[in-house]
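Coordinate inspection notes
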Amino acid sequence: MKKSLKMIMAAAIALAALGFAGCKTTEVSGSGIKGKSATVKKVKRQIVDYQGATLGSEIPQWVKLVSEGQYGQKVLSKAMPDLEGKKVFVVTGRGDNLDFVKSWVNLVDVETEVSGALERVTGKVVTSKLEGNASAKGLQANQTEVNKALNDYRIALQDVRIAGLERVAEYWTLIEVLEKNKPVDSYYEYYTVWSMDQKVFNAQLEKSLEHIDEATTEAAELKRLVKEKLENELSVSSNNSAAIEEADSYIVYAE
């Protein structure tokens, strides 16, 4: 027992010494401790064909931005000046058949897709903010309260009417996937940009959130954050879950 206790104390002292040593410098170095080496696949993607390639046309800047996951109006309006003062939504499709991908994007009920995106982003904002508030107090979020807030916002957002949406741009690219410089897969990406008047969208959103509880400071702050994110950052829907996850990763849900 004494031997075990001495070993534990020795380990604690060693860890403390390492901690104090780390406080003396901001340099980050290896510990000398390694796990099993990971195998990383070297996968590359390259554009092998695109809309207008036969005419030698240049790929539009907005396509490059969207392909990099930059979907917001503030970014896209720099490449597409006509989007100034507009609320922007990007709908994309991915597949191995261009006609099929185009059909999915062009036949999709855009209003339904936008409403789904509203609910998706709001859910992440609400959950992240409430969990963050609780964590700041050293507590865990009350799941009953989280679920109630999620349901309240879900019901409220059903009143948002997405009117006046217009498709303002579309484009396609053919992407080839390489492993060790050898083609292993290929797929088409089809991008469409839709817009509506920002003021109309803001008014619709404001009206839908009128009955959301603001009785406490936290509730009022949550409502402000939801409204801000939906007005300024919500923007993408896709038949490819990876594209949605990538777009969502650019949004800071809690502040």
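None of these values were measured; they are calculated from a predicted model.

Below, the discussion takes up helix α6 (residues 143-157). Each α-helix winds once per 3.6 residues, and so residues spaced three or four apart point in a common direction. Between its terminal C-alpha atoms α6 stretches 21 Å, which fits the 21 Å expected from 15 residues at 1.5 Å a residue. Taken together, the buried positions of α6 are Val146, Ala149, Tyr153, Ala156 and Leu157. On an axial view of α6, the arc spanned by its buried residues comes to 100°, and they lie on one face. Exposed and oriented more than 90 degrees from the buried face of α6 are Thr144 and Lys148. Taken together, the buried residues of α6 touch α5 (110-136), α7 (198-208) and α8 (217-232).

Here the chain averages 79 in pLDDT, and 78% of its residues register 70 or above. The lowest-confidence element of the chain is helix α1 (residues 2-22), averaging 41 in pLDDT; the highest-confidence one is strand β3 (residues 166-179), averaging 92.

Scanning the entire structure with this criterion turns up 9 salt bridges. One salt bridge connects arginine 94 with glutamate 189, and the closest N-O pair in it is separated by 2.4 Å. With arginine 94 in strand β2 (residues 86-95) and glutamate 189 in strand β4 (residues 182-197), this residue pair connects regions lying 95 residues apart in the sequence. With relative accessibility at 9%, the residue glutamate 189 sits in the buried group. Measuring nitrogen to oxygen at the nearest pair gives 2.9 Å for the salt bridge that ties lysine 148 to aspartate 152. With a gap of 4 residues between them, lysine 148 and aspartate 152 both fall in helix α6, about one helical turn apart. Take lysine 148: its relative accessible area is 53%, and that puts it in the exposed class. On the accessibility criterion, aspartate 152 (30% relative accessible area) is partly exposed. When salt bridges that share partners are traced, they join Glu206, Lys227 and Glu231 into one network.

Positioned with a positive phi, lysine 180 is a non-glycine residue whose angle comes to about 55°. Residue position: lysine 180 is located in the loop between β3 and β4. In this structure lysine 180 comes out as exposed when scored by relative accessible area, which is 74%.

Remark: α5 packs on α6, axes separated minimally by 10 Å, with the N-to-C direction vectors making an angle of 150°. What the angle tells us is that α5 and α6 run roughly antiparallel. In this structure, α5 crosses over α6, and the sense of that crossing is right-handed. Note on element contacts: α6 touches α5 through Glu145, Val146, Ala149, Leu150, Tyr153, Arg154 and Leu157, opposite Leu118, Glu119, Thr122, Gly123, Val126, Thr127 and Leu130. Split by residue class, the contact of α5 with α6 holds 8 nonpolar, 3 polar and 3 charged.

By the criterion of burial, β2 is predominantly enclosed, with 8 of the 10 residues buried. Bridge count between β2 and β4: 10 bridges; the pairing is antiparallel. Its bridge partner lying in β4, valine 90 is registered against valine 193. In this structure, β2 lies alongside strand β5 (residues 236-238), joined through 3 bridges in parallel fashion. Bridging across to β5, valine 90 finds its partner in valine 236.

Here is what the cut-offs are and how they apply
Residues numbered from 1 in each chain as written. Predicted model: local features only at pLDDT ≥ 70, side-chain atom pairs only at ≥ 80, totals over all residues. Heavy atoms only, no water. Helix = DSSP H or I, 4+ residues; strand = E, 2+ residues; numbered from the N terminus. Expected span 1.5 Å × (residues − 1). Buried < 20%, exposed > 50% of the residue type's maximum accessible area, 1.4 Å probe, protein only. Arc of directions from axis to C-beta. Contact = heavy atoms within 4.5 Å. pLDDT = per-residue confidence, 0-100. Salt bridge = Lys/Arg side-chain N within 4 Å of Asp/Glu carboxyl O. Axes fitted to C-alpha atoms, helices over the stretch in contact; angles between N-to-C directions. Parallel < 35°, antiparallel > 145°, perpendicular 65-115°, else oblique. Left-handed = near helix turned anticlockwise from the far one by under 90°. Nonpolar A, V, L, I, M, F, W, Y, C, P; charged D, E, K, R; others polar. Pairing = 2+ DSSP bridges.

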